[in-house]
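Topology and contacts: notes
If you want the building blocks of each chain, they are given just below.
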Amino acid sequence: MFELPENLPVSDLTVGAVLTGLGLIISFLVWRHRGAASGVRGVAWSLVPLSVALLGLMGVVWEFVRGVVGVLTGLLISPFVWAGVILAGLAVVLYVASGVMRSRGVGTGSRAGKAKDTGKDADGKGAGEAAAGPGATAPQVGPAQGKKAAPADDLSDFGDIEELLRKRGID
């Protein structure tokens with residue numbers, strides 16, 4: 001397995017200076033191709049390695065890099081880690097799929113909730129059928145007298161819109 005040395009093989013200040021120099025060269029090229037704003041931003045990021053070295057934090061950064069490299073090399077070799085990655089991917093896919101299902105209204109209600117909406121209980125009997133005897137008549141289900149029945153589809157009823165347009169004088 002690939003393993004980085006515990007300590008940097010050169011001075012912290014040398015590593016910081018070299019990385020800052022490379023960053024400044026790249027920032028100069030970016031400045032010429034993309035403009036001053038991108039170049040100044042590149043210069044700002046280029047000064048970070050030298051400041052880390054001068055603060056004495058290069059050892060901390062090196063330990064972080066070693067940890068990341070260790071995890072990545074462990075990912076490539078260990079089947080248990082790959083199983084974890086696959087399970088995490090499956091969790092993300094299921095979460096996204098549930099969001100799509102919710103947005104389309106698929107699988108959001110329970111069977112009891114749907115039965116209540118249709119006026120039937122969980123056994124499929126209407127509200128009046130269970131309480132009334134065999135000879136009794138079931139209560140009338142439907143719109144009250146004097147009111148228009150609601151359309152089955154919201155898109156199929158343009159009567160209200162047409163009426164509003166007629167009021168405004170638009171045909």
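Overview of the structure. (Residues numbered from 1 in each chain as written. Predicted model: local features only at pLDDT ≥ 70, side-chain atom pairs only at ≥ 80, totals over all residues. Heavy atoms only, no water.)

Overview of the overall build of the protein
- Broken down by element type, the protein carries 7 helices and 0 strands.
- Reading the protein from its N end, one meets helices and strands in the order α-α-α-α-α-α-α.
- Relative to its full complement of 171 residues, the protein shows a buried share of 11%.
- For the protein, contacts bridging at least 24 residues in sequence account for 52% of all contacts bridging at least 6. (Helix = DSSP H or I, 4+ residues; strand = E, 2+ residues; numbered from the N terminus. Buried < 20%, exposed > 50% of the residue type's maximum accessible area, 1.4 Å probe, protein only. Contact = heavy atoms within 4.5 Å.)

Some remarks on the packing of helix α3 (residues 58-77) against helix α4 (residues 79-104)
- Packing of α3 against α4 brings their axes to within 6 Å, and their N-to-C directions diverge by 95°. One way to sum up the angle between α3 and α4 is to call them roughly perpendicular. Taken together, the residues of α4 that come into contact with α3 (itself represented by G74, L75, L76 and I77) are P79, V81, W82 and V85.
- The residue makeup of the contact of α3 with α4, split by class, is 7 nonpolar, 1 polar and no charged. (Axes fitted to C-alpha atoms, helices over the stretch in contact; angles between N-to-C directions. Parallel < 35°, antiparallel > 145°, perpendicular 65-115°, else oblique. Nonpolar A, V, L, I, M, F, W, Y, C, P; charged D, E, K, R; others polar.)

Considerations on the side chain of S27
- By the element assignment, S27 lies in helix α1 (residues 12-34).
- Look at S27 and you get buried, because its relative accessible area is 3%.
- At 3.2 Å, the side chain of S27 forms a polar contact with the backbone nitrogen of V43.
- A polar contact of 3.1 Å, which involves the side chain of S27, links it to the side chain of S46. (Polar contact = N/O pair within 3.5 Å; in protein donor to acceptor, adjacent residues only side chain to side chain.)

So, the pattern of salt bridges
- A full pass over the atoms with the stated rule returns 2 salt bridges.
- Where E63 meets R66, a salt bridge forms, and the shortest distance between an N and an O atom there is 3.5 Å. One end of the pair is E63 and the other is R66, both in helix α3 and 3 residues apart, which spans about a single turn.
- Overall, the relative accessible area of 40% leaves E63 in the partly exposed class.
- The salt bridge partner of R166 is E162, with a shortest N-O separation of 3.7 Å. Of the two residues, R166 and E162 are both situated in helix α7 (residues 159-167); the distance of 4 residues between them amounts to about one turn of the helix.
- Judged by relative accessible area, E162 falls into the partly exposed class, the value being 44%. (Salt bridge = Lys/Arg side-chain N within 4 Å of Asp/Glu carboxyl O.)

Regarding the packing of α1 against helix α2 (residues 36-55)
- Two elements in contact, α1 and α2, have axes whose closest approach is 8 Å; the angle formed by their N-to-C orientations is 180°. As summarised for this structure, α1 and α2 are arranged roughly antiparallel, according to the angle between their axes. Listed contacts from α2 to D12, L13, G16, A17, L19, T20, G23, L24, S27, V30, W31 and R34 of α1 are A36, S38, G39, V40, G42, V43, S46, L47, P49, L50, A53 and L54.

Observations regarding α4
- For α4, spanning 26 residues, the distance from its first C-alpha to its last is 37 Å, which sits close to the expected 38 Å at 1.5 Å a residue.
- The backbone nitrogen of F80 has a side-chain oxygen 3.4 Å away, supplied by the residue at the start of α4, namely S78.
- Remark: G105 follows α4 within two positions and exhibits a positive phi of approximately 75°. (Expected span 1.5 Å × (residues − 1).)

Note that all results are geometric; they support no functional claim without further evidence.
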